[in-house]
Structures are given as C-alpha cells and as structure tokens.
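Residue-level listing of the chains:
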Amino acid sequence: MNNYKKVEIDGETYIKLVDSWVDSMYITPPTTVLRKLLETEFAGIDIAAIEIKRLKAMISESKNAECYPMCLKFVDELIKRSLLSRDISEVTYCIPIKTACLRKINQPEDAIRFCEDMQRTHGKDILTIASLTSLAAAYCDIDEWDLALKTANRAYAMQGGGVGYTNELSMVFKRIEANTKK
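Residues numbered from 1 in each chain as written. Predicted model: local features only at pLDDT ≥ 70, side-chain atom pairs only at ≥ 80, totals over all residues. Heavy atoms only, no water.

Our next topic: the pairing of strand E2 (residues 12-17). Where strand E1 (residues 4-9) lies against E2, six bridges are found, and the strand directions are antiparallel. Bridging from a neighbouring strand, Glu8 pairs with Thr13 of E2. In this sheet, strand E3 (residues 20-22) lies alongside E2 in antiparallel orientation, the contact comprising three bridges. Bridge pairing in E3 places Lys16 opposite Trp21. The antiparallel pairing of E2 with E3 creates a hairpin that spans two residues between the two strands, and Val18 there sits at a positive phi of about 60°. (Pairing = 2+ DSSP bridges. Helix = DSSP H or I, 4+ residues; strand = E, 2+ residues; numbered from the N terminus.)

Written out as structure tokens, the structure reads:
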C-alpha cells in the first residue's frame, strides 16, 4: 500500500511524502503551489472529526505554507476543543499562532482583541513569551507604541533578559525604537 499522496497542478505532479510536498524532482514547491496543494488536500475534510495530533500538523503545514485563513480555521477548532476539555496548555499553544495569522492577514486589531479576551477569561498567565511578542507586534501594526513597548517589556521579563539580537522579540524592540525616536 502506498504511503504517499499524489496531486497534479498545472501539469506538474506533486507527491506528499510523510508531511512534505515535493515535485517530480523531489524539490519543495514554492509557497503559491503549496497553498494550492493544501487547499486540495484539506478540501472537504471534516475538521471536527480529526484527531488532535493531525489537527496540529495541519496547523503547522497551513501556517508554513502561508495559508493563514485555513490555519485560523484549524486553530479555532483546536481552541474550541481545548476549551471544552479544559486543556489550557493547548489553548496557550494556539494563542501565538492565531495572533500571528491574524496579523499576516492585516487584522492586528482582531489579534489584540483575541489576546485581551484570552487574558480576561483565563488570566494574564495565559500569554506566553511568543504570545506577548506577537501581541506587541500587533500594537506596532496599529502605531500603539506605548502599549507595544509595555507588552514587549513584559515578554522580555518573562524570558529572563537578553537572548540575542535576532529573535522576534528583539525585532519588535527595534521596530518600536525606530518608530519612537525623537
């Protein structure tokens, strides 16, 4: 029995080996093709019936392929299930993913509102360093520099100080600094 999937798009055959799509030369296709492949693969799937492990893989695949609306659909399903089962660790896992996806589709206000709702419902500890970093970036997106700095400082304190100059939090700090210099 074959353990791979085949899909033809624009005259090219793509094969999914384990969790990665490749073309006939075993090269990973460009993001635009990956989106089409995932849309084809996941079309008609009843996400409510998918096991959590597979749902998390679909979240990862769709986010990596920049299929943000699809990823949001999967993340929302995982959040819904996690809240029903009271698995707050899964909710915590989903928050930075959802926030990042909302930002990528130019909805930073929705990302902020989502994080605020999560904090209001589950307490401040629901937001991790990754969540706070993405939230700070969302504040930057809407030119709320004071809130961005306050949120970034909270993430910085949680991580215990500096961990390098090229991580996402450092990039947020640089963005804040570049836009608040007098």
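Attention now moves to helix H1 (residues 31-42). Since the α-helix advances by 3.6 residues per turn, residues separated by three or four positions end up pointing in the same direction. Helix length check: H1 (12 residues) gives 16 Å between terminal C-alpha atoms against 16 Å at 1.5 Å per residue, within 8%. Among the residues making up H1, those that are buried are Val33, Leu34, Leu37, Leu38, Glu41 and Phe42. Taken down its axis, H1 places every buried residue within 150° of arc, on the same side. Of the surrounding secondary structure, the elements contacted by the buried residues of H1 are E1, E2, E3, helix H2 (52-64) and helix H3 (68-84). Phi turns positive one or two residues past the end of H1, at Gly44, with a value near 80°. (Expected span 1.5 Å × (residues − 1). Buried < 20%, exposed > 50% of the residue type's maximum accessible area, 1.4 Å probe, protein only. Arc of directions from axis to C-beta. Contact = heavy atoms within 4.5 Å.)

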